[in-house]
Amino acid sequence: MYEPDLVIVDCRFALGRPDAGREAYAASHIPGAVFLDLEADLSAPVREHGGRHPLPAPEQLAARLGRAGIGNATRVVAYDDQGGMYAARLWWLLRWLGHDDVYVMDGGFAAWQAGGFPVTDAQRTAVPAAFVPNVRDELVADVDQVRRALGDPGVLLVDSREASRYAGAQEPIDAKAGHIPGAVNRFWKDVLDDQGRWKTEAALREQLAPVIRALDDGRDAVVYCGSGVSACPNVLALYRLGYPQAKLYAGSWSDWISFSENPIATGE
């Protein structure tokens, strides 16, 4: 069924394999879906600072979205095959640009296939649309804001990486191990159940209880990960629970450690 105001976006990606997502899309995808690549479309080129997946310039991102057929009045549904991590990046980017009519498909491509729904290798010809960004600066934090948050009781930093990376016991990706001092650890995959679906709201409230308490107390929450991607499911979970004000430290750990003077903590 063709719905002219709906764009489905395939966001599949694999770290270290830059062509994997596009190849997976070319082989098989949800009918009518367009493809957006994390690094080529949803990030700016890597520089000295800004992290491994820097935020794209709003105007450039808006132009790319427009070429994919996404306008200000478009409904967007995003999916991937990594628990919603990359789809949530697109969800957050659209909200950052002032667009709220965007959703992440629960269970992603695997759930679509398991449901017996059709797939195709036919690529949609996108009809370009006009996307005018209305940037919400209040949704993003930069390194200076995070520095000011150190020791500030009014701000809670939330590290979304797995516990071993948070503790500094291992670091398979970035040049330095550890976490930003004072941050609490809430691994992003813990928003999912054993089947890879999103947990119930009650379970999410339990998982994110320290963050929710901080927000209920009027504090700010700044969520980060390695490069500003896997933090997005935690931000999405908070949004789902009625806390749209959580900020994303877009540069995240890979940006933080690019400044030699920034302190690093290890351990639990």
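Above this text you will find the structure in question.
Residues numbered from 1 in each chain as written. Predicted model: local features only at pLDDT ≥ 70, side-chain atom pairs only at ≥ 80, totals over all residues. Heavy atoms only, no water.

(A) Summary view of the sheet that holds strand β5 (residues 140-141). Pairing is parallel in the open sheet, where five strands are placed in the order β5-β9-β8-β6-β7. Sheet topology places β5 and β7 (184-185) at the edges, where each strand pairs with a single neighbour. Note that strand β8 (residues 220-224) and strand β9 (residues 247-249) share two bridges and pair parallel. The residue bridging Val222 from the neighbouring strand is Lys247, located in β9. (Pairing = 2+ DSSP bridges. Helix = DSSP H or I, 4+ residues; strand = E, 2+ residues; numbered from the N terminus.)

(B) Region of interest: the sheet that holds strand β4 (residues 102-104). The sheet built from four strands is open, its strands ordered β2-β1-β3-β4 with parallel pairing. Either end of the sheet is taken by a strand with one partner, and the two such strands are β2 (34-35) and β4. Sheet topology note: the strand β1 (residues 6-10)/strand β3 (residues 75-79) ladder contains five bridges and is parallel. Directly across from Asp10, in β3, lies its bridge partner Tyr79. On top of the sheet, helix α3 (residues 85-96) reaches β1, β3 and β4; it is set at about 160° to β4, its chief contact. (Contact = heavy atoms within 4.5 Å. Axes fitted to C-alpha atoms, helices over the stretch in contact; angles between N-to-C directions.)

(C) Spotlight on the layout of surface pockets. Roughly 340 Å³ of volume is contained in the largest pocket. Around the largest pocket, the lining comprises 19 residues; the ones closest to its centre are Leu15, Met85, Arg165, Trp188 and Ser230. A class-by-class count of the residues in the lining of the largest pocket yields nine nonpolar, five polar and five charged. (1 Å grid on protein atoms, 1.4 Å probe; cavity = no way out; pocket = protein on both sides within 12 Å on 5 of 7 lines; lining within 4 Å. Points joined across faces, edges and corners; volume = space filled by probe spheres on them. Nonpolar A, V, L, I, M, F, W, Y, C, P; charged D, E, K, R; others polar.)

(D) Summary view of the nonpolar core. Core analysis: the largest hydrophobic core is formed by 58 residues, its most contacted members being Val9, Leu65, Ile70, Leu90, Trp92, Leu94 and Leu238. Leave out the neighbours within four places in its chain, and Ile70 touches Val7, Val9, Leu65, Val76, Leu94, Ala129 and Phe131. The next biggest cluster of nonpolar side chains, apart from the first, holds 16 residues, and it includes Ala141, Ala149, Val155 and Ile180. (Core = buried A, V, L, I, M, F, W, Y, C linked by side-chain atoms within 4.5 Å. Buried < 20%, exposed > 50% of the residue type's maximum accessible area, 1.4 Å probe, protein only.)

(E) Here's a closer look at the packing of aromatic side chains. According to the stated counting rule, one finds seven aromatic pairs in the structure shown. Between Tyr79 and Phe109, the aromatic rings sit 5.8 Å apart at their centres with planes inclined by 20°, giving stacked as the arrangement. One end of the pair, Tyr79, is in strand β3; the other, Phe109, is in helix α4 (residues 108-114), with 30 residues separating them in the sequence. Pair check on accessibility: Tyr79 and Phe109 agree, each one buried. A centroid spacing of 5.3 Å and a plane angle of 75° characterise the contact between Trp91 and Tyr239, whose relative ring orientation is edge-to-face. On the criterion of sequence distance, the pair formed by Trp91 in helix α3 and Tyr239 in helix α9 (residues 232-240) is long-range, its members being 148 residues apart. Residue Tyr239 is classed as partly exposed on the basis of its relative accessible area, which comes to 31%. Positioned above the aromatic ring of Phe109, the side-chain terminus of Arg12 is 4.2 Å from the ring centre. A cation over a ring is seen here: Arg147 above Phe259, with NZ or CZ 4.7 Å from the ring centre. (Phe/Tyr/Trp six-rings, centres within 6.5 Å; stacked < 30°, edge-to-face > 60°. Lys NZ or Arg CZ within 6 Å of the ring centre and 35° of its normal.)

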